[in-house]
Amino acid sequence: METPTNIQIEVSVEIPVKTLADYAYQAIDKHFQKTMKWEKSVKKDEDPEALHQMRVGIRRLRTAINQFSRYLDLPETINDKNIRKIARILGNLRDLDVLKQMIENDYLPHLLKKEKTSLKVAFAALEKQRGIAVTHVYQMFKDELYRCFKVECQSWLDHPIYQPFTFIPVNHILPELLMPMVSEFCLHSGWLVGTEILGSQILINEKITPMELEKTVDKHGEILHGLRKKAKSLRYQMELFSELYSDDFSNQILAVKQIQEVLGMLQDIVVLQGWLSNIFKSEMDSELGGLKTLLAVNRYKLWQEWQPIQKHFLLAETRYDLHLTVLQVN
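None of the values given here were measured: they were computed from a predicted structure.

Following the sequence through the fold, glutamate 115 ends up in helix H5 (residues 113–142). Buried glutamate 115, no salt bridge; nearest opposite-charge side chain is lysine 114, N-O distance 6.1 Å. Excluding residues that lie within four positions of it along the chain, glutamate 115 makes contacts with Glu287, Leu288, Gly289, Gly290 and Leu291.

This brings us to helix H10 (residues 284–313). Here H10 spans only 37 Å end to end across 30 residues, well under the 44 Å set by a 1.5 Å rise per residue. Among all positions of H10, only Met284, Leu288, Leu291, Leu295, Arg299, Leu302, Trp303, Trp306, Gln307, Ile309, Gln310 and Phe313 are buried.

Turning our eyes to something else, we now look at the pairing of strand E2 (residues 201–204). It is a general feature of regular strands that their side chains alternate between the two faces of the sheet. In the sheet, strand E1 (residues 195–198) pairs with E2 via four bridges, with the strands oriented antiparallel. Following the sheet pairing, threonine 195 is matched in E2 by isoleucine 204. Between E1 and E2, which follow one another and run antiparallel, lie two residues, and glycine 199 among them has a positive phi close to 65°.

Right, let's get into a nonpolar patch on the surface. The grouping of Leu192, Ile197 and Ile202 at the surface amounts to a nonpolar patch, some 250 Å² of accessible area in total. Relative to the helices and strands, isoleucine 197 is located in strand E1.

With that settled, the discussion passes to the state of the cysteines. Applying the stated criterion across every chain, the model contains zero disulfides. Of the cysteine sulfurs around cysteine 148, a residue in no disulfide, the closest is that of cysteine 153, at 12 Å.

Turning our attention to the packing of aromatic side chains. Here a ring pair, both rings aromatic, is described through the centre-centre distance and the interplanar angle of the planes. Under the counting rule described, the total for this entry stands at 14 aromatic pairs. Ring geometry for phenylalanine 141 against tyrosine 146: centres 5.2 Å apart, planes inclined by 70°, an arrangement best described as edge-to-face. Here tyrosine 146 and phenylalanine 149 contribute two aromatic rings whose centre-to-centre distance is 6.5 Å and whose plane-to-plane angle is 40°, an arrangement assigned as tilted. Taken together, the positions of tyrosine 146 and phenylalanine 149, both in helix H6 (residues 144–158) and three residues apart, correspond to about one turn of that helix. You'll find tyrosine 146 and phenylalanine 149 in the same group, each marked buried. In this structure an aromatic cluster arises from ring pairing among Tyr25, Trp156, Tyr162 and Phe167. A cation over an aromatic ring shows up here: lysine 18 above the ring of tyrosine 23, its NZ or CZ 4.4 Å from the ring centre.

Before going further, it helps to spend a moment on unusual backbone geometry. One non-glycine residue, aspartate 45, lies in the positive phi region at around 55°. Of note, aspartate 45 is situated in the loop between helix H2 (39–44) and helix H3 (48–68). The class of aspartate 45 is partly exposed, set by a relative accessible area of 32%. With a phi angle near 50°, lysine 281 is a residue other than glycine that sits in the positive phi range. Its location among the elements puts lysine 281 in the loop between helix H9 (247–280) and H10.

The subject of this paragraph is the packing of helix H8 (residues 210–240) against H10. Interaxial distance between H8 and H10 falls to 11 Å at its minimum, and their mutual angle equals 60°. By the angle between their axes, H8 is oblique relative to H10. Handedness of the crossing formed by H8 with H10: left-handed. Contacts from Pro210, Leu213, Glu214, Val217, Leu224 and Leu227 of H8 reach H10 at Arg299, Tyr300, Trp303 and Trp306.

Reading guide: rules and limits
For every chain, the first residue of its written sequence is number 1, and the numbers climb from 1 along that sequence. The model is predicted, so local features are restricted to residues of pLDDT at least 70 and side-chain atom pairs to those at 80 or more, both for listing and for counting; the totals for chains, interfaces and linings are taken over all residues. Side-chain descriptors were evaluated using all non-hydrogen atoms of the structure, hydrogens and water having been removed beforehand. Think of it this way: any DSSP run of H or I at least four residues long counts as a helix, any run of E at least two long counts as a strand, and we number them from the N terminus. Per-residue accessibility, obtained with a 1.4 Å probe over protein chains only, is compared with the maximum for each type, and a residue is labelled buried under 20%, exposed over 50%, and partly exposed between these values. Neither His nor the chain termini are counted; the positive set is Lys and Arg, and the negative set is Asp and Glu. The rule for a salt bridge is simple: a side-chain nitrogen of Lys or Arg has to be within 4 Å of a carboxyl oxygen of Asp or Glu. Residue contacts are counted whenever heavy atoms from the two residues lie within 4.5 Å of one another. Here the expected span of a helix is defined as 1.5 Å times the quantity of residues minus one. Any two strands are treated as partners once DSSP identifies two or more bridges connecting them. Without a salt bridge and with relative accessible area above 30%, a residue can belong to a patch; like charges are then joined within 9 Å and nonpolar side chains (Val, Leu, Ile, Met, Phe, Trp, Tyr) within 5 Å. With residues, only the protein chains shown are counted as cover, and all accessible areas are computed by Shrake-Rupley using a 1.4 Å probe. Criterion for a disulfide: a pair of cysteine sulfur atoms within 2.5 Å. Note on ring pairs: Phe, Tyr and Trp rings are taken, using the six-membered ring of Trp, and paired if centres are within 6.5 Å. Classes follow the plane angle, with under 30 degrees stacked, over 60 edge-to-face and the rest tilted. The rule is short: NZ of Lys or CZ of Arg within 6 Å of the ring centre and within 35 degrees of the ring normal puts a charge over the ring. To get an axis, fit a line to the C-alpha atoms, keeping to the stretch in contact for a helix; angles then go from 0 to 180 degrees between the N-to-C directions. If an angle is under 35 degrees, it is roughly parallel; if it is over 145, roughly antiparallel; if it lies from 65 to 115, roughly perpendicular; otherwise it is oblique. Crossing handedness: left-handed means the near helix sits turned counterclockwise from the far one by under a right angle, and right-handed means the same turn made clockwise.

Structural data, given as structure tokens:
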């Protein structure tokens, strides 16, 4: 009897389907661990990057909690209010570091000696404010709220509890999960800053002067900052699911990221100018006239960079493409 050779055996391997629970756990675990990873370095206060990374971690964790909490049984301490408080304390310190870096790297080298001398007053005030902010961060680490947040978050990660809905395959419900954030982003009033509505048209003031721009930003700065925050949250959430989409989805993430970055740089200038004005008050023009001019120039350049993005996203087809891309889960 001959022994058969070259026998081919077909083996069917079933690829496990990831559920909403899988992605919720993955997001919370990833961003919580990143936040905790930088805690010791932040306590040492030796490297501004550690604070930056911890702040990013807590911000991303907040987005994940806001998105998924309704589908999970989380401990009482793990809520938006508490995470926002932690993020605000870290953010207050980080904002001062950003101001210092901006002054030192972007503006100080271009100023006359007289203005560099005047800025010593600003740096002294900044160091004093930073000392207070550091104290608040140290106190936060000791507070019962922060300690409970750490313990209860890790406890949930060790023994997660889910609502029944989370065991549905995520690709079955992903468009519905993301679409509310997409709609809030597209319908934010920040898109209309610097525009005029005539009939059915939205007209952008492409001939805005630097002085008009300063007034516009002063009046509507918070609205623009709100749009930036919507872009940031949408980007964070889209990035969680990029593996389930095509390259078009990745390109949309990059577009949202660009919006976040341009509006972020514009907000940094607004914050810096406001902070300097509080210190120098009526003497701002006489003491730091050159710096004020540089701030205005950079603000105008950023606005010229922003307007084509704004014009593109005000097109109905642009928003339609974004919605369509979110609907097309692989």
